[in-house]
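Chains, contacts and geometry: an overview
For reference, the chains in residue letters:
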Protein chains: 2
Amino acid sequence: MIITSRKNETIMKSRGLLTSKKLRDQEGLFAAEGFKLAWEAVSAGIKAEYVLVSRSAEEKFPQKLAPFKEICPVFTVSDEVYLYLSEQKTPQGIFLAAKILDKSVNLDRILENDKILMLDCVQDSGNAGTMLRTAEALGIGGVVLGEGCADPWSPKVLRASMGSVFRQPFCCCNLSDAVYAAKEKGVEVYAAMLDDTASALGRFVFPKKAAVIIGNEGHGVAKNISDRCKKLFIPITGAESLNAAAAAAVLCWEMGRRDRDH
Amino acid sequence: MIITSRKNETIMKSRGLLTSKKLRDQEGLFAAEGFKLAWEAVSAGIKAEYVLVSRSAEEKFPQKLAPFKEICPVFTVSDEVYLYLSEQKTPQGIFLAAKILDKSVNLDRILENDKILMLDCVQDSGNAGTMLRTAEALGIGGVVLGEGCADPWSPKVLRASMGSVFRQPFCCCNLSDAVYAAKEKGVEVYAAMLDDTASALGRFVFPKKAAVIIGNEGHGVAKNISDRCKKLFIPITGAESLNAAAAAAVLCWEMGRRDRDH
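**Topic: the overall build of chain A**
Broken down by element type, chain A carries 14 helices and twelve strands. Here the C-alpha radius of gyration of chain A, 20 Å, is about what a compact globule of 262 residues would show, namely 18 Å. Principal axes of the C-alpha set define a box for chain A whose edges measure 65 × 35 × 35 Å. Taking all 262 residues of chain A together, the buried fraction comes to 54%. With the model as given, the accessible surface of chain A reaches about 11,700 Å², and the carbon-plus-sulfur share is 50%.

As structure tokens, this is what we get:
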């Protein structure tokens, strides 16, 4: 049987998983489009709920589809309905709905790591996703996404993260609480910002246990947070500032210097 | 007089400047939208041709508009026509057409710098723009955009660069020629790539005159280019790779290490 109606219940729900954080939270599900991203989710141990596949994709990629058939229900959808459902202009034609990992008890585990990245109101999905990817690539043990950050389970963040959302340990929580808890655990917390009292990156060595906070693209790190942290800046020339994700890359790289030099 | 027709000649040309590289090249003009970006162009010494302002913006921002009136013709456009013209969903209502800088004789000057960034087929506009911004911020003397890169004068690159396109010295040319010319001038050229023979970033010091090539988002640096360069890689864990702009940030930062350490 093929789903041919936009008003089909599964289609309406699936579309909501792409567009609505509220629905994702209610259902405890997220959506990944494309064979590569969907399979990365499964490979990372995330529980698949169901797959939607367009008629064309089913005919064109039977081998790519087969592994999904072994783990969850797969429903075929007319091409027209798939296009309606999809976030993408030229979709591959596969949609996975899967369980959002439980994030509620993670902060303690995140804070056990030596190198931590914290995001304060990083609203741009591309930046948030790129930072999760960078954190995974550069060996950052855990990422904390404060309130006001882009939803890591949104399609744009998932795509920009290239699947790192599925593998990189992270938690979403109140950042002020996270900073407090980090200090309790002996983690030195640095806010990346331009400030008279800030230390210049490249001129000092991070302590063994360190966290760096990247602020909002427009406003930087909120004052009530930064007031309780050490401050550091990336020395720059010319341009007003670095893109937030570029700054995060440099900071994550520098946090790893200790490991490389010793 | 207010322009109220979408078919007005200036409107049609202006729209083309946003959407068509061919027209930009023909006319030798580009377009910058928004007061901040437009003024950054003018501040950087770029010659303004004309400004289009929406009726609402003219009423709302007379003080922001005044400096433009002193340097070039300013035409008022109905809000409806401005919205038709604009690339943006919620435009501020100001559009600057200005002269593209002459790029034809720049390679020699670019290669006189100690630190150079080269882009091989970086197609994503956000990445290309972010790299230009990063290069300016981290003190890279010149950037070479090889054929196949996103057009630096396109609206998306301009926006992602936050105006660095106007200030950062760069040139667009054949990358193979640029690598050849760089070596002639004693610049050591490194291709960033995963390869058995590549050196690990963080384990060696760049020579005084160095260039780093960032490859295409999907395929990396083309073999015919990388075959003639030293190779280096950013040691990563977990994720398959870094985002191209994140990798560029780390590489530009490391190129500056010599200056910081000495």
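**Topic: unusual backbone geometry**
Note on backbone geometry: most residues besides glycine have negative phi, and most peptide bonds are trans. Residue and element names in this part refer to chain A. The phi dihedral of Cys121 is positive, around 55°, even though this residue is not glycine. In this structure, Met162 takes a positive phi of about 50° despite not being glycine. As for its placement among the helices and strands, Met162 is situated in the loop between α9 (155-161) and α10 (164-167). Residue classification places Met162 among the partly exposed positions, given a relative accessible area of 41%.

**Focus on the relation of the copies chain A and chain B**
Between chain A and chain B, which share one sequence, the superposing operator has a rotation angle of 180° and an axial displacement of 0.0 Å; the RMSD is 0.0 Å. The relationship between the two copies is best expressed as a two-fold rotation axis. A share of 100% of the interface residues of chain A reappears at the interface of chain B, consistent with the copies meeting face to face through the same patch.

**Comments concerning the side chain of Asn127 of chain B**
Residue and element names in this part refer to chain B. Mapping Asn127 onto the fold places it in helix α8 (residues 125-137). For Asn127, a relative accessible area of 8% corresponds to the buried category. One polar contact links Asn127 to Asn243, side chain to side chain, over a distance of 3.3 Å.

**What about the interface of chain A and chain B?**
Listed by partner, the interface residues are 31 residues for chain A and 31 residues for chain B. Taking both sides of the interface into account, the surface hidden between chain A and chain B amounts to around 2,500 Å²; carbon and sulfur atoms contribute 55%. A per-residue breakdown of the area chain A buries against chain B is headed by Arg133, Ala137 and Trp253 of chain A, which together make up 23% of the total. For the pair chain A and chain B, the interface holds four salt bridges. Between Glu254 of chain B and Arg257 of chain A there is a salt bridge whose closest N-O contact spans 2.5 Å. Our count for the chain A to chain B interface comes out at 16 residue pairs in polar contact (both at pLDDT 80 or more). For the side of chain A that touches chain B, the elements supplying multiple residues, two or more each, are α3 (35-43), α8 (125-137), α10, α13 (244-255) and α14 (257-261) of chain A. Its residues assigned to classes, the side of chain A that touches chain B shows twelve nonpolar, nine polar and ten charged.

**Observations concerning the sheet that holds strand β3 (residues 48-54) of chain B**
All names here are of chain B. Strand order in the open sheet formed by five strands is β1-β4-β3-β5-β2, with mixed pairing between adjacent strands. Edge positions in the sheet fall to β1 (2-3) and β2 (29-33), since each of these pairs with one other strand and no more. Bridge count for β1 against strand β4 (residues 74-77) is two bridges, and the pairing is parallel. The residue of β4 that forms the bridge with Ile2 is Thr76.

**Here we look at the pattern of salt bridges**
Pairing between side chains becomes possible if they bear opposite charge and their charged atoms approach one another. Residue and element names in this part refer to chain A. By the definition in use, this model includes 36 salt bridges over all chains. Arg6 serves as the salt-bridge partner of Glu80, at 2.9 Å between the closest nitrogen and oxygen. Here the residue Glu80 occupies a position in helix α6 (residues 79-85), and Arg6 occupies one in the loop between β1 (2-3) and α1 (9-19), the gap between them amounting to 74 residues. Judged by its relative accessible area of 43%, Glu80 falls in the partly exposed class. We classify Arg6 as partly exposed; its relative accessible area is 40%.

**A look at the side chain of Arg257 of chain B**
Mapped onto the secondary structure, Arg257 of chain B falls in helix α14 (residues 257-261). Separated by 2.5 Å, the side chains of Arg257 of chain B and Glu254 of chain A make a polar contact. Contact partners of Arg257 of chain B, with chain neighbours within four places excluded, come to Glu254 and Arg257 of chain A.

The rules behind these values
Residues numbered from 1 in each chain as written. Chains lettered and ligands numbered in written order. Predicted model: local features only at pLDDT ≥ 70, side-chain atom pairs only at ≥ 80, totals over all residues. Heavy atoms only, no water. Helix = DSSP H or I, 4+ residues; strand = E, 2+ residues; numbered from the N terminus. Rg over C-alpha atoms; globule rule 2.2 N^0.38 Å. Buried < 20%, exposed > 50% of the residue type's maximum accessible area, 1.4 Å probe, protein only. Areas by Shrake-Rupley, 256 points an atom, 1.4 Å probe, with all protein chains shown as cover. Least-squares fit on C-alpha atoms with pLDDT ≥ 70 in both. Contact = heavy atoms within 4.5 Å. Polar contact = N/O pair within 3.5 Å; in protein donor to acceptor, adjacent residues only side chain to side chain. Buried area = accessible area lost by both parts, 1.4 Å probe. Salt bridge = Lys/Arg side-chain N within 4 Å of Asp/Glu carboxyl O. Nonpolar A, V, L, I, M, F, W, Y, C, P; charged D, E, K, R; others polar. Pairing = 2+ DSSP bridges.

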